[in-house]
Structures are given as C-alpha cells and as structure tokens.
Amino acid sequence: METTYIINAIIIFILAMSITSICVPLVIKLAIKRRLFDEGGGRHVHKGFIPRLGGLAIFAGFVFSQLYFSVDYFSASTISDTYLLLIFSISLLFILGLMDDLVNINANLKFIIQLLVAFILVWRADIRIESFYGLFGLYTLPLWLSYTFSILVITFFVNAYNLIDGLDSVSSSVGIYVLACFSVFFLWNDAYIDSMLAFSAMGALLGFWLYNKPPARIFMGDSGSLSIGLLLAYFAIMVSNLPLDTENTFNPVFAMVVLAYPVIDTLRVFTIRICK
C-alpha cells in the first residue's frame, strides 16, 4: 500500500465531505421553497415534513471528488470501461431517483430501469459473482447462472438500501459503516480505484449525515438511496471476488455480513407485504 494512495484517499474523503456539507443547506432551502417534502407515515416514521432531496448534495460531493481522482489517476493511465460504466449507471439511477422525488415515477418502471442498469453492469462491465467458493457446496457458476444471480443481487441491494431511508440517520449511518469496511478492505487488496470510490462516497455520506442525524433536517430521497445502493451492490460483488486474508481465502459471506442490516430489513418488509 503506497503512501500516495493514503494521501489521495484522505483528499478525496475531505473533498467529498466538504462539498456535500456545503450543498446540503442550499438543497434544504430549495426544497422548502419548492415544497418538496417527505411526509411521515408508512415506512417513514418521522413526524412533520422533511425535505427529501439530500441525494443532490451527496451526488455533488461524490462527482466532484471523482473528478479530482480522474484527473489525478487517469492522466497517467487509461480510463477503464468498468469505471465509466459504473459512473454512468450511478448517474442514471441518480436521475431516475431525482425524477421520482419530484414527480413520483411508477414503481414498475423504476424496477425495470434498475434491472436494465444491473444487466449493463453484468454484461458490459463483467461485474458479477463467478463462484460461491464452496458455499452451499457450489464453486464456479455456469455463465447463465452467474449473470442471472448477479443481476438479482444488484437489484436486491439497490432496493434494500432504498427501503432503510425513512428514519433519522439510519441510511447514512449504515452507508458510512459499510463503506468504511469496504474501503479498508479494498486498500488492503490494492484495489485502488474501488477504494477511492468508497472513500469518495463515504465522505459524501458523512457530509450529509451532519444534517440527517436526529432530528433530521433532510432525507436523501430516492436520488441518493438508489445511486448509493447501486454503489454498495457493486462493492459487495467486488468484495466477493477478492481474498479475505494472505492465504487467498475467498468467502462471499463477508459482504452479506457487512450489509446484514439492509438485507434483513428488506426480507422483513417483503415478508410482511407478502403476508398482507
């Protein structure tokens, strides 16, 4: 692990956090002016009307910190297709979520677009789970099963993270914890690009958390939860394909443990809805 990596990680983290924390008050004023509120009720347990456009500020911090990273890193090397497709997919879900925050898009249409994004990442960027490494007695997956399972995993995690954005600081706190685990793991494995993506998103979420902590002044909304959820899904798959120790031990359960809260909460919500 080079010292330059650590310095860049700190710069990207601070840059993302600073830009997001500066943008959040501006977004709050805009949401109040346009009366774009999240009313309590349903899965939203807060009282009163809270602005729901926090994703705008999170995305701003993430994008500008990634611009710095792109200029610093890709000036000396070629921009990978995987990186470009990931940024494109995150931006697409951000726009989708923003439109839903503003005009409420049909749930089926949102789900179809999420599946399309997952398909693009799996097919074009080859971001997929290739093996279970002995879990459930399974090893290398057939190509069709690897594609199908990876698409479902990405879609599941996107919706899992989206579902926990209804309680003060929960989504941002969970996101910061998960990203902290993944960022250290990526640095340890010398996965430089993924670690910088994780530090960037973590800094943006921390800048947002300052206004999302109880009593919350703003929620991230679908623009934030869908885009960050996609990034977490991408990280979960990448972590599953990296060794956990110096003995090259691979275990996809690690990602599930780190993401246990949104996974369990989503299964709980789905079970309740099916029972009803």
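The rules behind the values
Residues numbered from 1 in each chain as written. Predicted model: local features only at pLDDT ≥ 70, side-chain atom pairs only at ≥ 80, totals over all residues. Heavy atoms only, no water. Helix = DSSP H or I, 4+ residues; strand = E, 2+ residues; numbered from the N terminus. Expected span 1.5 Å × (residues − 1). Buried < 20%, exposed > 50% of the residue type's maximum accessible area, 1.4 Å probe, protein only. Core = buried A, V, L, I, M, F, W, Y, C linked by side-chain atoms within 4.5 Å. Contact = heavy atoms within 4.5 Å. Axes fitted to C-alpha atoms, helices over the stretch in contact; angles between N-to-C directions. Left-handed = near helix turned anticlockwise from the far one by under 90°. Nonpolar A, V, L, I, M, F, W, Y, C, P; charged D, E, K, R; others polar. Phe/Tyr/Trp six-rings, centres within 6.5 Å; stacked < 30°, edge-to-face > 60°. Parallel < 35°, antiparallel > 145°, perpendicular 65-115°, else oblique.

Asks: Looking at this structure, how should I read helix H7 (residues 192-212)?
Replies: Side chains that are three or four residues apart share a direction in an α-helix, a result of its 3.6 residues per turn. When the terminal C-alpha atoms of H7 are compared, their 29 Å separation across 21 residues agrees well with the 30 Å that a helix rising 1.5 Å per residue should span. Most of H7 sits inside the fold, with 18 of its 21 residues counted as buried.

Asks: Just to check I follow, could you spell out the nonpolar core for this structure?
Replies: Generally speaking, soluble globular proteins have nonpolar side chains that are buried together. If you look at the biggest cluster of nonpolar residues, it comprises 82 residues, and the most contacted ones within it are Ile 154 and Phe 235. By residue number, the principal contributor to this core is H7, which donates twelve residues. Beyond its immediate chain neighbours, meaning those up to four positions away, Ile 154 contacts Ala 118, Leu 121, Val 122, Leu 230, Ala 233 and Ile 237.

Asks: How should I be thinking about the packing of H7 against helix H8 (residues 221-240) in this particular structure?
Replies: When two helices pack together, their arrangement is given by the angle between the helix axes and by the axis-to-axis distance. Axis separation between H7 and H8 bottoms out at 11 Å; the angle between their running directions is 145°. The two elements H7 and H8 cross, and the hand of that crossing is left-handed. Seen from H7, the contacting residues are Asp 194, Leu 197, Ala 198, Ala 201 and Leu 205; seen from H8, they are Ile 228, Leu 231, Tyr 234, Phe 235 and Met 238. Class assignment for the residues of the contact of H7 with H8 results in nine nonpolar, no polar and one charged.

Asks: Mind showing me how you'd approach the packing of aromatic side chains here?
Replies: How two aromatic rings sit relative to each other is set out by the distance from centre to centre and by the angle between their planes. This model, assessed by the stated rule, comprises twelve aromatic pairs. Pairing Phe 59 with Phe 94 gives two aromatic rings, centres 4.0 Å apart and planes at 5°, and the pair type is stacked. Residue Phe 59 is located in helix H2 (residues 54-73), and its partner Phe 94 is located in helix H3 (residues 81-103); the two are separated by 35 residues in the primary sequence. A residue is classified by how much of its surface remains accessible, and Phe 59, at 17% relative accessible area, is buried. With relative accessibility at 8%, the residue Phe 94 sits in the buried group. Aromatic side chains Phe 182 and Phe 235 sit 6.1 Å apart centroid to centroid with 70° between the ring planes, which places their arrangement in the edge-to-face category. With Phe 182 in helix H6 (residues 170-188) and Phe 235 in helix H8, this pair connects stretches of sequence that are 53 residues apart. In this pair, the class of Phe 182 matches that of Phe 235, namely buried. Three or more aromatic residues link up through ring pairs in this structure, and these residues are Phe 182, Phe 185, Phe 186, Tyr 234 and Phe 235.

Asks: Can you walk me through the packing of H3 against H8 in this structure?
Replies: Across the interface, H3 lies against H8 with an axial gap of 6 Å and an inter-helix angle of 155°. Between H3 and H8, the interaxial angle falls into the category roughly antiparallel. Where H3 crosses over H8, the two elements pack in a sense that is right-handed. Between H3, through Thr 82, Leu 86, Ser 89, Ile 90, Leu 93, Phe 94, Leu 96, Gly 97, Leu 98, Asp 100 and Asp 101, and H8, the contact on the second element is made entirely by Gly 221, Asp 222, Ser 223, Leu 226, Ser 227, Leu 230, Leu 231 and Tyr 234. Partitioned by chemical class, the residues of the contact of H3 with H8 number ten nonpolar, six polar and three charged.

Asks: So what exactly am I meant to see when it comes to unusual backbone geometry here?
Replies: Across the chain, the bulk of peptide bonds are trans and the bulk of non-glycine residues have phi less than zero. Following Pro 214, the chain continues into Pro 215 via a peptide bond in cis, with omega recorded as -10°. Inspection of the secondary structure assignment puts Pro 215 in the loop between H7 and H8. Of note in the backbone geometry, Asn 104 takes a positive phi value of approximately 60° without being a glycine. Inspection of the secondary structure puts Asn 104 in the loop between H3 and helix H4 (107-123). With a relative accessible area of 61%, Asn 104 lands in the exposed category.

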